[in-house]
Amino acid sequence: MGTKPFSSKNPSLLPTDAHIITDAEASISLQEWQDWGTISPVPSMVNQVIQDLKLLEKDIGSCMTFDGNHGKLTGGFKVQEDKKHRAKYASLGNSEEKLQFFSARQIACRLLGSRGYLCQKCWLAQEDCMCSRVTMCSLWHRVRIWLYMHPKDFLRQNNTGKLLWQVFGVQAASLCLFGIAEHEEMMWNELNHAGRNMVWCLYPNKNAVTESVRDSVGCAVNLESQAVSANEGDTMHFILIDGTWSNSGAMFRRLQDRAELEWGQELRCISLNTGVSLMHKLRPQPSWDRTCTAAAAIGLLYELQLVPELSSFGLDKQAEAIENALEVLLEALTARRLRMGRSISRRERHNRDIC
């Protein structure tokens, strides 16, 4: 991907790092969409939002511009678009339509604003790309991880969930975006094929019944029938919620509502004995018992390794591969902060929650 031109019909009115979307860029191709780390078709509503943005440009005679960091609209176009999207949101008939529109708009803006700025593989600014330092590793074929990601975490540079498909590949660690119908249907089709007893959600919810990995997975896995171990029906599916703690509650409820609809029962939840993530200095968590997505995956794989029936499949080595990638991400983000003259540590938050 080439560097986006920073030009305008009236450049003096734009921030120095803003850039314009041309007519040729006013859609998302399948190749571009999947290069960001997904295996789904292009969501129809995402392309519809992009088309609506281009129509608004023509209606108001103002160019669509984005800042260089977060894919956020800027300038006069932002003011007009904000009015229009709020009116559209208010006109929608139910909460499901509102969620799908919210998610599609978030993703559309991030896609357009990140073109030519972020690396499509690691989601870092191109000058900070870490791809050459990440080593891929095969995840044991009977484990599949789903990254259930909030749209506001999509294309975030300090997101750690992206490391899972960078290391394991998109078929073993698959992205599912909250509120994107094509993604959620794709995930639930696979979960239904596996059956409820082979699906677990990692979420430290005090109101949900949780089991340990060893007790829950150990009872479900029957490896005596090694002759059919490659059967997709034997795959264990683990859902990792990838979003801020303030957003994760709604994501978890949506999963449980869908599980009730599909199976008449809620998802099974498992708890982990995770330590403090390497990312804690840059991204403090609300309390010490909460951790980043990559660290949760690392903890899961290490605990699966402790299940006697699974101890011979190298799950600890696969956990180490994610640990190594997390170290590379931390180094890249730290170097960027230092280069920009920013602090490399964040103030602790919610200390009252820390024991």
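All residue numbers refer to position in the chain's written sequence, counted from 1. Two thresholds apply to this predicted model, a pLDDT of at least 70 for residue-level local features and 80 or more for giving and counting side-chain atom pairs, whereas whole-chain, interface and lining totals are computed over all residues. Only hydrogens and water are removed before side-chain values are computed, so all heavy atoms of the structure are retained for them.

Taking an unreviewed UniProt entry as the reference, the protein is identified by name as tRNA-uridine aminocarboxypropyltransferase belonging to Rehmannia glutinosa. UniProt positions are given in the numbering used here, feature names are shortened, and annotations may be inferred rather than shown by experiment. Its UniProt record gives the protein a comment under Catalytic activity (unreviewed entry), which states: "a uridine in tRNA + S-adenosyl-L-methionine = a 3-[(3S)-3-amino-3-carboxypropyl]uridine in tRNA + S-methyl-5'-thioadenosine + H(+)".

**Q** Sorry if this is basic, but what is going on with helix H6 (residues 181-194) here?
**A** Side chains that are three or four residues apart share a direction in an α-helix, a result of its 3.6 residues per turn. The helix and strand labels rest on DSSP assignments: H or I over at least four residues marks a helix, E over at least two residues marks a strand, and numbering proceeds from the N terminus. Multiplying 1.5 Å by the residue count of a helix minus one yields the expected span of that helix. The end-to-end C-alpha separation of H6 is 20 Å, in line with the 20 Å expected for 14 residues at 1.5 Å each. For H6, the full list of buried residues reads His 183, Glu 184, Met 186, Met 187, Trp 188, Leu 191 and Ala 194. For this analysis, residues touch if any pair of their heavy atoms sits within 4.5 Å. Looking at the buried side of H6, the elements it contacts are helix H1 (30-35), strand E3 (143-149), strand E4 (173-177), strand E5 (199-202), strand E7 (236-242) and helix H8 (245-263). Following H6 by one or two positions, Gly 195 adopts a phi angle in the positive range, close to 95°. When accessible area is computed with a 1.4 Å probe and restricted to protein chains, residues below 20% of their type maximum are described as buried, those above 50% as exposed, and intermediate ones as partly exposed.

**Q** Would you mind going over the packing of H6 against H8 with me for this structure?
**A** Interaxial angle, 0 to 180 degrees, is taken between N-to-C directions of lines fitted to C-alpha atoms, where a helix line uses only the stretch in contact. Two elements in contact, H6 and H8, have axes whose closest approach is 12 Å; the angle formed by their N-to-C orientations is 50°. As far as their axial angle goes, H8 and H6 are oblique. Both H6 and H8 take part in a crossing whose hand is right-handed. Judged by residue contacts, Glu 184, Glu 185, Met 187, Trp 188, Leu 191 and Asn 192 of H6 engage Arg 254, Leu 255, Arg 258, Ala 259, Glu 262 and Trp 263 from H8. A per-class count over the contact of H6 with H8 returns six nonpolar, one polar and five charged. Any angle that falls under 35 degrees is termed roughly parallel, while one over 145 is termed roughly antiparallel, one within 65 to 115 roughly perpendicular, and all others oblique. Whether a crossing is left-handed or right-handed is set by the direction in which the near helix is turned from the far one by less than a right angle, anticlockwise for left-handed and clockwise for right-handed. Residue type decides the class: Asp, Glu, Lys and Arg count as charged, Ala, Val, Leu, Ile, Met, Phe, Trp, Tyr, Cys and Pro as nonpolar, and the leftover types, Gly among them, as polar.

**Q** Just to check I follow, could you spell out the nonpolar core for this structure?
**A** When a protein is soluble and globular, its nonpolar side chains tend to lie buried together. By nonpolar core is meant a set of buried Ala, Val, Leu, Ile, Met, Phe, Trp, Tyr and Cys residues that side-chain atoms within 4.5 Å join together. In this structure, Phe 154, Phe 238 and Leu 304 are the most contacted members of the largest nonpolar core, which totals 99 residues. The greatest single-element share of this core, amounting to ten residues, is contributed by helix H10 (residues 315-339). Every residue in contact with Leu 304, bar those within four places of it in the chain, is listed here: Val 143, Val 213, Val 217, Phe 238, Leu 310 and Leu 315.

**Q** Explain the packing of helix H2 (residues 44-60) against helix H4 (residues 95-114) to me, please; I cannot follow it from the model alone.
**A** Contact geometry of H2 with H4 gives a least axis separation of 8 Å together with a crossing angle of 65°. For the element pair H2 / H4, the angle class is roughly perpendicular. Taken as a pair, H2 and H4 cross one another with a handedness that is right-handed. Along its contact with H2, which presents Met 45, Val 46, Val 49, Ile 50 and Leu 53, the element H4 presents Gln 100, Phe 101, Ala 104, Arg 105, Ile 107, Ala 108, Cys 109, Leu 111 and Leu 112. Its residues placed into classes, the contact of H2 with H4 shows twelve nonpolar, one polar and one charged.

**Q** When you look at the environment of Thr 65 in this model, what are you seeing that I'm missing?
**A** As for its position among the elements, Thr 65 is in strand E2 (residues 65-66). Counting along the chain gives eleven residues from Thr 65 to Gly 76, while the straight-line C-alpha distance between them is 9.0 Å. At 2.7 Å, the side chain of Thr 65 forms a polar contact with the side chain of Thr 74. A 3.5 Å cut-off defines polar contacts: any pair of N or O atoms within that distance qualifies, except that in protein one atom must be a possible hydrogen donor and the other a possible acceptor, and neighbouring residues in sequence count only when both atoms are side-chain atoms.

**Q** Where do I start with the pairing of E3 in this structure?
**A** Each regular strand displays side chains that alternate between the two surfaces of the sheet. Extensive coverage of E3 is indicated by the burial of seven of its seven residues. Bridge count between E3 and E7: seven bridges; the pairing is parallel. Along E7, the bridge assignment pairs Arg 144 with His 237. For E3 and E4, the ladder comprises five bridges, and the chain directions are parallel. Across the sheet, residue Met 149 finds its bridge partner in E4, namely Leu 177. For a crossover, the right-handed case is the one in which the path from the first strand over the helix to the second runs clockwise, viewed with the strands pointing away from the viewer. Crossover E3 to E4 through helix H5 (residues 162-168) is right-handed. At least two DSSP bridges between two strands are needed for those strands to be called paired.

**Q** Would you explain the sheet that holds strand E6 (residues 210-212) in this entry?
**A** Within a sheet, adjacent strands bond to each other through the backbone by hydrogen bonds, running parallel or antiparallel. Across the sheet, six strands lie side by side as E4-E3-E7-E5-E8-E6; this open sheet has parallel pairing. Edge strands, defined here as strands with exactly one partner in the open sheet, are E4 and E6. The average angle at which neighbouring strand axes cross in this sheet is 35°, direction not considered. Bridge count for E5 against strand E8 (residues 268-271) is three bridges, and the pairing is parallel. Directly across from Leu 202, in E8, lies its bridge partner Ile 270. Against the sheet, H8 touches E3, E5, E7 and E8, its axis set at about 145° to E7.

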